[in-house]
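Coordinates in review
Chain residues, written in single-letter form:
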Amino acid sequence: IAYGACFGQYQQPRHLLEAAKRYLERFDFIAMRNAFGARILNELGVVTNSMVVDPAFLMKKNVSSIAGKNIVTYFVDGKVGPLCLETAKDISSITNQPVIQIQSGSQKNEDKGVSTVRAAHPELWHDLLISASFICSESFHGVVMAIANGVPFVAISTGHRSERINDLLESYGLNHYLISERHSDIKKLLSERDYSYSQKLKRDVKSSIAFLQEALS
C-alpha cells in the first residue's frame, strides 16, 4: 500500500519512470497526495486508487508546549530566506510579536532581532508551528501544518520546489497566499484570512481514512 505518495515534481526523467513502472504495478493500492503525481501514474498506465491528504493532516491537534505567540519562518531553500524573514519582520512590526526562524543544520542565516532554532527535533518543530500566530514558509510541510491547524500563513516561492505547494493551495482555493516578492499591503494580508477550505479539508480527511480502512481490510 502506498499512501500519500509523491514524485516531488512533474518533470521526471522518462527512463526512470519506465524503470519504476514495473515496481509500481506490484502495489495493491496507490493513493497520491497531489494531482500532478496522479497524472504521472495515468500517463504510465498505472492505476491510482485514490487521492488523499498528506499524512500530517491526519494528526490529532495537540496543545503546544510553546508559551506565547510567535511569527515563525521555516524554509529549506536558502535562496528564499531573505524574503521569508522580510515578510515575517513586516508582520512583526504590526503585531509586535517576536520572529523565530527554524533552520536546518546546514543553514547559517543569522538576522538581527530574530531568534534562531537550528535543526529542531520533530516535537519542537511541530510545537513551534502549531503555536505560531503566523507562518512564513517555503516548505510544503510548513504550509501543511499551517492549513491543518488554522494558522494564518504565506507560502514563499521563487519558482523552484513549488509544484507541491501550488497543487495543495489550488486544492483549497488558497493560491492567493503564495507570494514570490515582498507583499505590498501587510495589513490587508493579516486582515483578510480565508478559512472556507475547512469543510473541504474535513471531507478529504474523512475520505483518506476511508481509503486506508479499505486498503487494510
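Placed above this text is the structure.
Structure report, in brief. (Residues numbered from 1 in each chain as written. Predicted model: local features only at pLDDT ≥ 70, side-chain atom pairs only at ≥ 80, totals over all residues. Heavy atoms only, no water.)

Overall, the coordinates contain one cavity of 30 Å³ or more when judged by the stated rule. Put simply, the largest cavity is a space of about 50 Å³. Taken together, Ala146, Ile147, Gly150, Val151, Pro152, Phe153, Tyr177, Arg193, Asp194, Tyr195 and Tyr197 make up the lining of the largest cavity. Residue composition of the lining of the largest cavity, by class: eight nonpolar, one polar and two charged. (1 Å grid on protein atoms, 1.4 Å probe; cavity = no way out; pocket = protein on both sides within 12 Å on 5 of 7 lines; lining within 4 Å. Points joined across faces, edges and corners; volume = space filled by probe spheres on them. Nonpolar A, V, L, I, M, F, W, Y, C, P; charged D, E, K, R; others polar.)

Time to look at the side chain of serine 208. Turning to its location among the elements, serine 208 is positioned in helix H8 (residues 198–216). Classification of serine 208 by relative accessible area gives buried; the value is 1%. Reaching out from serine 208, the side chain makes a polar contact with the backbone nitrogen of valine 53 at a distance of 3.0 Å. Excluding residues that lie within four positions of it along the chain, serine 208 makes contacts with Tyr3, Val52, Val53 and Leu58. (Helix = DSSP H or I, 4+ residues; strand = E, 2+ residues; numbered from the N terminus. Buried < 20%, exposed > 50% of the residue type's maximum accessible area, 1.4 Å probe, protein only. Polar contact = N/O pair within 3.5 Å; in protein donor to acceptor, adjacent residues only side chain to side chain. Contact = heavy atoms within 4.5 Å.)

Looking now at the packing of aromatic side chains. Each aromatic ring pair is specified by the distance between its two centres and by the angle formed by the two planes. Here the structure, examined in full by the defined rule, presents six aromatic pairs. Ring centres 6.3 Å apart and planes at 45° place the aromatic pair tyrosine 195 and tyrosine 197 in the tilted group. Given a relative accessible area of 37%, tyrosine 195 falls into the partly exposed group. Here tyrosine 197 falls in the buried class, since its relative accessible area comes to 7%. Pairwise contacts between aromatic rings join Tyr3, Phe29 and Phe211 into one cluster. Stacked on the ring of phenylalanine 153, the Lys or Arg arginine 193 has its end atom at 6.0 Å from the ring centre. Lying over the aromatic face of tyrosine 177, arginine 193 brings its terminal NZ or CZ to 4.1 Å of the ring centre. (Phe/Tyr/Trp six-rings, centres within 6.5 Å; stacked < 30°, edge-to-face > 60°. Lys NZ or Arg CZ within 6 Å of the ring centre and 35° of its normal.)

What follows deals with the pattern of salt bridges. Evaluated as defined, the whole model comprises five salt bridges. Residue arginine 14 is joined to glutamate 18 by a salt bridge in which the shortest nitrogen-to-oxygen separation is 2.9 Å. You can see arginine 14 and its partner glutamate 18 sitting in helix H1 (residues 14–24), four residues apart, about one turn around the helix. (Salt bridge = Lys/Arg side-chain N within 4 Å of Asp/Glu carboxyl O.)

The six strands are arranged S6-S5-S4-S7-S8-S9 in an open sheet whose pairing can be described as parallel. Looking at strand neighbours, the two that pair on one side only are strand S6 (115–118) and strand S9 (178–179), the edges of this open sheet. Where helix H4 (residues 122–130) meets the sheet, its contacts fall on strand S4 (71–74), strand S5 (99–103), S6 and strand S7 (134–137), and the angle it forms with S5 comes to roughly 145°. (Pairing = 2+ DSSP bridges. Axes fitted to C-alpha atoms, helices over the stretch in contact; angles between N-to-C directions.)

Right, let's talk about helix H5 (residues 140–148) for a bit. In terms of residue burial, H5 counts as a mostly covered element, since eight of its nine residues are buried. Taken as a whole, H5 has its buried residues at Phe140, Gly142, Val143, Val144, Met145, Ala146, Ile147 and Ala148. On its buried face, H5 sits against S4, H4, S7, strand S8 (153–156), helix H6 (163–171) and H8. Glycine 150 occupies a position one or two residues after H5 and carries a positive phi of about 65°.

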